Amino acid sequence: MLLLLVVKGVSFAQETEEEESSFSFSGSVDTYYRVNLNSANDPTNGTTAPGSSFANLPGFSLGMVNLIGAYEGEKVGFVADLVFGPRGADAVFGSGLDVDGDGVADGATSGTFVNQLYTYLNVSDNVTLTLGNFNTFLGYEVISPTANFNYSTSYMFSYGPFSHTGFKADIALGEASLMLGVFNPTDATEFNPSGEYFGGAQIGFGGAYLNFLFDDDFFQVDLTAGWDLTDSFYLGVNATSASDNFVGGALYLQTALSEDFSLGLRGEYFQDQGLGLLTEDESVIDLTLTGNYTVGSLTIIPELRLDSFSEDDVVITDLAKGETANSLTSFLVAAVYSF
């Protein structure tokens, strides 16, 4: 009789937990048209895009398909986030095996499509433990276009990190929050290729988050914040500094002009201090004016962007004629459908 009571009690508890748990399926599809206004749009004849990630293909172009399955229980859950298409491929560039040992992934594996893959345990109402691969906690912008106001991305976001694979603990402290974690090298999503590890921490309070990523030879500090100044006006802030790599700051101003249309301006200053993706010590100012027009689940995003570089002759406007400039002006229209 005692055994039957125990079995029935466990069965009832499992049924109750199943009732309180839920599985969800969501995602997005995005595509766009992009054109330069002062440079060639032929990849063999000029500079076709700013040096930031995504939205960097000429003409009618594809973004990505994003498929997210998530199971949220009272105590445990998981997220499986898959990406397909050019934007998705850029987002998971660190996936795959480094066959020749040069630090670059050579062989495509299942990880090529995995944007996030993690499980979590709610130890209490205030503590959550997460193990797996998850998008970075640094920075203002994210990989999915549904969570960004601007369709093209900032230089600070593009220089990374994008994702981490490891273990973290999120702790709620009343009005404040704390995250502590240990991760594989940045963007090494499938496994640890070097045996080295990074530490990470985040302190949050009042809509602002101070983020840290570090190992023996690297230290990055990052500030992200956002506030609704009025019912229709929003201000976002991002500033970051990575040792001997890069430094930058940006303001995000957004206002709702109607229920369906919003307008936003991103102003960013960025300096490459050693990575060499731009000329060393070269800086760039990115001014991006973006509109968001919503029709049901579809968001239409017209965007005008100016990238102005501190060095001359950075932008090749016409290779055949030998014409160059120190700025690039571009325009795009994107369509993002979320479900």
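Residues numbered from 1 in each chain as written. Predicted model: local features only at pLDDT ≥ 70, side-chain atom pairs only at ≥ 80, totals over all residues. Heavy atoms only, no water.

**Here's the deal with the overall build of the chain**
Phase 1: Assigned secondary structure in the chain consists of 3 helices and 18 strands.
Phase 2: Carbon and sulfur atoms form 61% of the exposed surface of the chain, whose accessible area is close to 17,000 Å². (Helix = DSSP H or I, 4+ residues; strand = E, 2+ residues; numbered from the N terminus. Areas by Shrake-Rupley, 256 points an atom, 1.4 Å probe, with all protein chains shown as cover.)

**A word on the packing of aromatic side chains**
Phase 1: Tallying each qualifying case throughout the model produces 18 aromatic pairs.
Phase 2: Summarising the aromatic geometry, the rings of Tyr32 and Tyr151 are spaced 5.4 Å apart at their centres and angled 55° between planes, so their arrangement reads as tilted. Taken together, the residues Tyr32 in strand S1 (residues 22-36) and Tyr151 in the loop between strand S5 (127-135) and helix H3 (155-158) connect sequence positions 119 residues apart.
Phase 3: Residue classification places Tyr32 among the buried positions, given a relative accessible area of 5%.
Phase 4: Classification of Tyr151 by relative accessible area gives buried; the value is 1%.
Phase 5: These aromatic residues form a ring-pair network of at least three members: Tyr118, Phe134, Phe137 and Phe183.
Phase 6: Sitting over the ring of Phe134, Lys168 keeps its end group 4.6 Å from the ring centre. (Phe/Tyr/Trp six-rings, centres within 6.5 Å; stacked < 30°, edge-to-face > 60°. Buried < 20%, exposed > 50% of the residue type's maximum accessible area, 1.4 Å probe, protein only. Lys NZ or Arg CZ within 6 Å of the ring centre and 35° of its normal.)

**Re the pairing of strand S7 (residues 176-183)**
Phase 1: Both strand S6 (residues 163-173) and S7 contribute to a ladder of 8 bridges, which runs antiparallel. By the bridge assignment for S7, Phe167 is matched with Val182.
Phase 2: Taking the residues that link successive antiparallel strands as the turn, the S6-S7 hairpin has 2 residues, and the phi of Gly174 there is positive, at about 70°.
Phase 3: Strand direction decides the pairing type here: S7 and strand S8 (residues 198-205), joined by 8 bridges, are antiparallel. Paired with Met179 across the strands is Gln202, a residue of S8. (Pairing = 2+ DSSP bridges.)

**Some points on the side chain of Asn192**
Phase 1: With respect to the element layout, Asn192 can be found in the loop between S7 and S8.
Phase 2: A polar atom in the side chain of Asn192 sits 3.3 Å from the side chain of Asn184.
Phase 3: For Asn192, the residues in contact, after removing those within four places along its chain, are Asn184, Pro185 and Tyr197. (Polar contact = N/O pair within 3.5 Å; in protein donor to acceptor, adjacent residues only side chain to side chain. Contact = heavy atoms within 4.5 Å.)

**Some details on the pattern of salt bridges**
Phase 1: By the definition in use, this model includes 5 salt bridges.
Phase 2: Salt-bridge contacts for Lys168 lead to Asp170; the nearest nitrogen and oxygen are separated by 3.9 Å.
Phase 3: Among the residues examined, Lys168 registers a relative accessible area of 18% and is labelled buried.
Phase 4: Between Asp286 and Arg305 there is a salt bridge; the shortest N-O distance is 3.5 Å. In this pair, Asp286 is assigned in strand S14 (residues 283-295) and Arg305 in strand S15 (residues 298-309), connecting sequence segments 19 residues apart.
Phase 5: By sharing partners, the salt bridges in this structure join Glu141, Arg266, Asp286, Arg305 and Asp307 into a single network. (Salt bridge = Lys/Arg side-chain N within 4 Å of Asp/Glu carboxyl O.)

**Some points on the nonpolar core**
Phase 1: Judged by nonpolar contacts, the single largest core of 24 residues is most densely connected at Tyr155, Leu213 and Phe270.
Phase 2: Residue assignment for this core shows that the elements contributing at least two residues are strand S4 (114-122), H3, S7 and strand S12 (246-256).
Phase 3: Sorting elements by how many residues they give to this core places S12 first, with 3 residues.
Phase 4: When neighbours within four sequence positions are excluded, Tyr155 is seen to be in contact with Pro50, Gly51, Ser52, Glu268, Phe270, Val284, Asp286, Arg305, Asp307 and Phe309. (Core = buried A, V, L, I, M, F, W, Y, C linked by side-chain atoms within 4.5 Å.)

**Some thoughts on the pairing of strand S10 (residues 219-228)**
Phase 1: Looking at chain direction, strand S9 (residues 208-214) and S10 are connected through 7 bridges and run antiparallel. Following the sheet pairing, Asn211 is matched in S10 by Asp222.
Phase 2: Taking the residues between adjacent antiparallel strands as the criterion, S9 and S10 are bridged by 4 residues.
Phase 3: Taken together, the 9 bridges between S10 and strand S11 (residues 233-242) define a ladder with antiparallel strand orientation. Bridged to Trp227 within S11 is Leu235.

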